[in-house]
Amino acid sequence: MIKIEKMTTGKLAKKAGVNVETVRYYEREKLIPEPPRNSSGYRQYSSKDLKRLKFIKSAQKLGFSLKEISELLSLKANSKSACHEVRIMAEEKITLIEDKIKDLEQMKNILVDLTDDCIKTKDSDNCPIIDIINKNPQKSSITY
């Protein structure tokens, strides 16, 4: 007979490399199922729960939101169409990442130009960075 290891919330969190509150949050958000409790009332997680928690953390590292991870978990359970659906989700995530990279590159280039201007400007009352921010207080992206 194989004995299945049961883990408390703390032990599960430690093995998964997360905070105890993270485990509780994921449980409240239905990302991990509520486990049975022992006679003392402590939650008793299984290795299946640990595997699911590690899946969630890995998906987050790839940029998936908790909502998207919930969808991935549903697709994982229904393996017939999962690969096609997951590929579509991943392609959409790639597009978003590429857009973010472009935005970050633009921000970097603007800041490089502005810091170069700062070096040229000896007058501390006339800071190009502060000036450009002051000119665009309501805009979400500064164009230089």
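Look a little higher up for the structure.
All of the points below concern the structure found in this document. (Residues numbered from 1 in each chain as written. Predicted model: local features only at pLDDT ≥ 70, side-chain atom pairs only at ≥ 80, totals over all residues. Heavy atoms only, no water.)

**Notes on the overall build of the protein chain**
- Regarding its fold elements, the protein chain presents six helices and zero strands.
- Taken across its 144 residues, the protein chain has 23% of its residues classed as buried.
- Partitioning the contacts of the protein chain with sequence separation of at least 6, the portion at a separation of at least 24 is 44%.
- Element-wise, carbon and sulfur atoms account for 55% of the exposed surface of the protein chain, whose accessible area totals about 10,900 Å². (Helix = DSSP H or I, 4+ residues; strand = E, 2+ residues; numbered from the N terminus. Buried < 20%, exposed > 50% of the residue type's maximum accessible area, 1.4 Å probe, protein only. Contact = heavy atoms within 4.5 Å. Areas by Shrake-Rupley, 256 points an atom, 1.4 Å probe, with all protein chains shown as cover.)

**Focus on the nonpolar core**
- Counting 21 residues, the largest nonpolar core has Leu12, Val23, Leu53, Ile56 and Ile69 as the members making the most contacts within it.
- Among all residues touching isoleucine 56, those that are not within four sequence positions of it are Tyr26, Leu31, Ile32, Leu66, Ile69 and Leu73. (Core = buried A, V, L, I, M, F, W, Y, C linked by side-chain atoms within 4.5 Å.)

**A short note on the packing of helix α4 (residues 66-77) against helix α5 (residues 82-120)**
- In contact at an axis separation of 9 Å, α4 and α5 are set at 160° when each is read in the N-to-C sense. On the basis of their axis angle, the class for α4 and α5 is roughly antiparallel. Considering only the axes of α4 and α5, their crossing is left-handed. Contacts between α4 and α5 pair Glu68, Glu71, Leu72 and Leu75 from the former with Ala82, Glu85, Val86, Met89 and Lys93 from the latter.
- In terms of residue class, the contact of α4 with α5 is built from five nonpolar, no polar and four charged. (Axes fitted to C-alpha atoms, helices over the stretch in contact; angles between N-to-C directions. Parallel < 35°, antiparallel > 145°, perpendicular 65-115°, else oblique. Left-handed = near helix turned anticlockwise from the far one by under 90°. Nonpolar A, V, L, I, M, F, W, Y, C, P; charged D, E, K, R; others polar.)

**Section: helix α2 (residues 20-28)**
- For α2, every residue scored as buried is listed here: Val23, Tyr26 and Glu27. Seen along its axis, α2 keeps its buried residues to an arc of 100°; they face one direction.
- On the buried face of α2, the contacting elements are α1 (9-16), α3 (47-61) and α4.
- Where α2 begins, one side-chain oxygen reaches toward the backbone nitrogen of glutamate 21, 2.7 Å away; that side chain belongs to asparagine 19.
- Of the residues trailing α2, lysine 30 is marked for its positive phi of about 65°. (Arc of directions from axis to C-beta. Polar contact = N/O pair within 3.5 Å; in protein donor to acceptor, adjacent residues only side chain to side chain.)

**A look at the side chain of serine 46**
- If you trace the backbone, serine 46 turns up in the loop between α2 and α3.
- Excluding residues that lie within four positions of it along the chain, serine 46 makes contacts with Glu5, Lys6 and Met7.

**Some words on the side chain of lysine 93**
- Looking at where lysine 93 falls in the secondary structure, it is placed in helix α5.
- Using a relative accessible area of 10% as the deciding quantity, one classes lysine 93 as buried.
- A distance of 2.9 Å separates a polar atom in the side chain of lysine 93 from a polar atom in the side chain of glutamate 68.
- Excluding residues that lie within four positions of it along the chain, lysine 93 makes contacts with Leu62, Gly63, Phe64, Ser65 and Glu68.

**Brief notes about the packing of aromatic side chains**
- A full pass over the atoms with the stated rule returns one aromatic pair.
- Aromatic pair tyrosine 25 and tyrosine 26: ring centres 6.2 Å apart, planes at 55°, arrangement tilted.
- On the basis of relative accessible area, tyrosine 25 is assigned to the partly exposed category, the value being 33%.
- Looking at tyrosine 26, the relative accessible area reads 3%, which means it is buried.
- Directly above the aromatic system of phenylalanine 55 lies the positively charged group of lysine 76, at a separation of 4.6 Å from the ring centroid. (Phe/Tyr/Trp six-rings, centres within 6.5 Å; stacked < 30°, edge-to-face > 60°. Lys NZ or Arg CZ within 6 Å of the ring centre and 35° of its normal.)

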